[in-house]
Amino acid sequence: MSRAARLCGPKPDWISDPKVWRTEVLAGLVVALALIPEAISFSIIAGVAPAVGLFASFTMAVTIAVVGGRRAMISAATGAVALVIAPLNREHGFGHLVAAVILAGVFQVALGALGVARLMRFIPRSVMVGFVNSLAVLIFMAQVPEMRNVPWPVYPLIIGGLVLMVFFPKVTTVVPAPLVSIAILTAITVAAGIAVPTVGDKGELPSSLPVPGLPDVPFTLDTLTTVAPYAFAVALVGLMESLMTAKLVDEITDTHSDKTRESIGQGIANIVTGFFGGMGGCAMIGQTMINVKVSGARTRLSTFLAGVFLMVLCIVFGPVVSDIPMAALVAVMVMVCFATFDWHSVAPATLRRMPAGEIAVMVITVVCVVATHNLAIGVVAGSVAAMVVFAKRVARVAEVTAVVDPDGTAVVYRVTGELFFASSNDLVGRFGYATDPDRVVIDLSAAHIWDASSVAALDAIEHKYARRGKTVEITGLNGPSADLHGRLSGELAAGH
């Protein structure tokens, strides 16, 4: 291998493999088509012009394709960010919104550098399953308005699109079924002159590329204090959705992604988006599923082309794109719902074997997400519920057994299990202070002390025995437990 080749590293698959190239290009085109109505809808939620959401989707996708840590994941304008940023735009104007997007990007870069991505390992599987299922429910719910109070031809068009996407892959997989479905349904509606809602009805498409510039706000401390809370909320919501999506794509593709790079990349993408007058965004799970699961994309090329095709479709082929029936895109998103939902998780056989706590955590996650339309809130609620379930389960593991010496001069209490705030709360009541002999031994060789609550409980036990003139000896502490007990024993109020 030449020195230049070693410096540049291995070539991407799409350069040397025409099949991969075709898959990535067509996947990017399908995603771009699906992004247009979504970006316009999110612009409406944020209270800005449709072009603002479309520009954000373009800059987010193109930037994250280069700097992101998860290949083939799609980032663009999202509903979660739109919901957070809308009040700021409504109360203070568009300039403050753009400033908040840029500051949110700065926060994300800082949080990424501080290692916030490592917190992902604390997200349990039951929360992840609830996240995926609630996502599928939200995607479907977002399509319901497109199926209400519409001309009757919309319904056969949706059904026809679903049929095409189910059966066309059995004929060939050279062209993605969603792209075929969109093309055929558009041709039918245009040729037959069928009057149904189209992409053009969602809003006017931009006719030129975005131009970079600074936000139109006074650069003062007052502006900073106004936008900072919104920016921090955008940063947290965006990172959570992006990291959860990256983890989901990791599982689907059986590959690893750099979550720290993805966190920093999301920040850079939002900074770039803000300077181009976009509304900000994060990873889009629905479009990512179209790209990865439906279209089979696996490289950064599909993400980059999704952004490029989005602008090309809007600027060059705007009139054609405007004629695409919304029914075609609804059919694609409904198919994404079915592909995304973890049907195995709700199968009767699975539910019979699954612990009740795991099921409860999954349900809590889904209910919170669906109720708030905010994936981040659902993940936090589910994670907290999982911690409570885990704490209760582990707390019951701690056991205390007593053995009295034959001569009756001492008693040995053997403590087994993990001692922390949940299990140690009941520890004090497990001893016979009045009836025990004068010498008490507490054997902790089969236990581990995790926190100050446990040390305080042991201090309280010693104090109760001391008031009765009895001595307590604590034995069997492992290294970390002995160190924690040695530093805190006698220093906590509960022990006095």
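Because the structure is a prediction, the values reported are computed rather than measured.

Conventions we followed
Residues numbered from 1 in each chain as written. Predicted model: local features only at pLDDT ≥ 70, side-chain atom pairs only at ≥ 80, totals over all residues. Heavy atoms only, no water. Helix = DSSP H or I, 4+ residues; strand = E, 2+ residues; numbered from the N terminus. Buried < 20%, exposed > 50% of the residue type's maximum accessible area, 1.4 Å probe, protein only. Contact = heavy atoms within 4.5 Å. Lys, Arg positive; Asp, Glu negative; His and termini not counted. Charge placed at Lys NZ, Arg CZ, Asp CG, Glu CD. Pairing = 2+ DSSP bridges. Right-handed = clockwise from strand over helix to strand, strands pointing away. Axes fitted to C-alpha atoms, helices over the stretch in contact; angles between N-to-C directions. Parallel < 35°, antiparallel > 145°, perpendicular 65-115°, else oblique. Left-handed = near helix turned anticlockwise from the far one by under 90°. Nonpolar A, V, L, I, M, F, W, Y, C, P; charged D, E, K, R; others polar.

Participant: What should I look at first to understand the overall build of the protein chain in this one?
Facilitator: When its secondary structure is counted, the protein chain shows 21 helices and six strands. Among the 496 residues that make up the protein chain, the fraction classed as buried is 50%. The long-range fraction of contacts in the protein chain, counting pairs at least 24 apart against all pairs at least 6 apart in sequence, stands at 84%. Each charge sign in the protein chain was given a centre, from 33 positive and 33 negative side chains, and these centres are 6 Å apart.

Participant: Just checking my understanding: could you explain the environment of I271 for this structure?
Facilitator: Take I271: it is sitting in helix α11 (residues 259-275). On the accessibility criterion, I271 (22% relative accessible area) is partly exposed.

Participant: I'm lost on the pairing of strand β5 (residues 439-449) in this one. Help?
Facilitator: Remember that side chains alternate between the two faces of the sheet whenever the strand is regular. Burial within β5 is extensive, with eight of its eleven residues counted as buried. In this sheet, β5 lies alongside strand β4 (residues 410-419) in parallel orientation, the contact comprising nine bridges. Paired with T416 across the bridge in β5 is A446. Strand direction decides the pairing type here: β5 and strand β6 (residues 471-475), joined by five bridges, are parallel. The residue of β6 that forms the bridge with I442 is I474. Tracing the backbone out of β5, into helix α20 (residues 452-467) and back to the parallel element β6 gives a crossover that is right-handed.

Participant: Whenever I open this one, unusual backbone geometry confuses me. Can you help?
Facilitator: Working note: non-glycine residues mostly have negative phi, and peptide bonds are mostly trans. Here the phi dihedral of A72 falls at roughly 75°; this positive angle occurs in a residue that is not glycine. Mapped onto the elements, A72 comes out in the loop between α4 (50-67) and β1 (75-76). Residue D254 is not a glycine yet carries a positive backbone phi of 55°. Structurally, D254 can be placed in the loop between α10 (221-253) and α11.

Participant: Would you explain the sheet that holds β5 in this entry?
Facilitator: What holds strands together in a sheet is hydrogen bonding between their backbones, with the strands either parallel or antiparallel. The strand order β3-β4-β5-β6 describes an open sheet built from four strands, whose pairing is mixed. With partners counted over all chains shown, the strands left at the sheet margins are β3 (399-404) and β6, one partner each. Taking each pair of neighbouring strands and ignoring which way they run, the sheet shows an average axis angle of 20°. Contacts from α20 reach β4, β5 and β6 within the one sheet, and its direction differs from that of β5 by about 175°. The sheet contacts of helix α21 (residues 479-488) involve β5 and β6, and relative to β5 the element is tilted by about 120°.

Participant: What should I look at first to understand the side chain of N291 in this one?
Facilitator: As for its position among the elements, N291 is in helix α12 (residues 285-294). Note on N291: relative accessible area 0%, which makes it buried. With residues near it in sequence (within four places) discarded, N291 still touches A27, G28, V31, A72, I74, G296, A297, S302 and T303.

Participant: Mind showing me how you'd approach the packing of helix α6 (residues 94-113) against α11 here?
Facilitator: For any two helices packed against each other, one specifies the crossing angle of their axes together with the interaxial distance. With their axes 7 Å apart at the nearest point, α6 and α11 run at an angle of 165° to one another. Considering their axes alone, α6 and α11 lie roughly antiparallel with respect to each other. For α6 against α11, the interelement crossing comes out left-handed. Across the interface between the two elements, V98, V101, I102, G105, V106, Q108, V109, G112 and A113 from α6 touch T260, S263, I264, Q266, G267, I268, N270, I271, G274 and F275 from α11. The residue makeup of the contact of α6 with α11, split by class, is ten nonpolar, nine polar and no charged.

What is shown is where atoms sit, not what they do.
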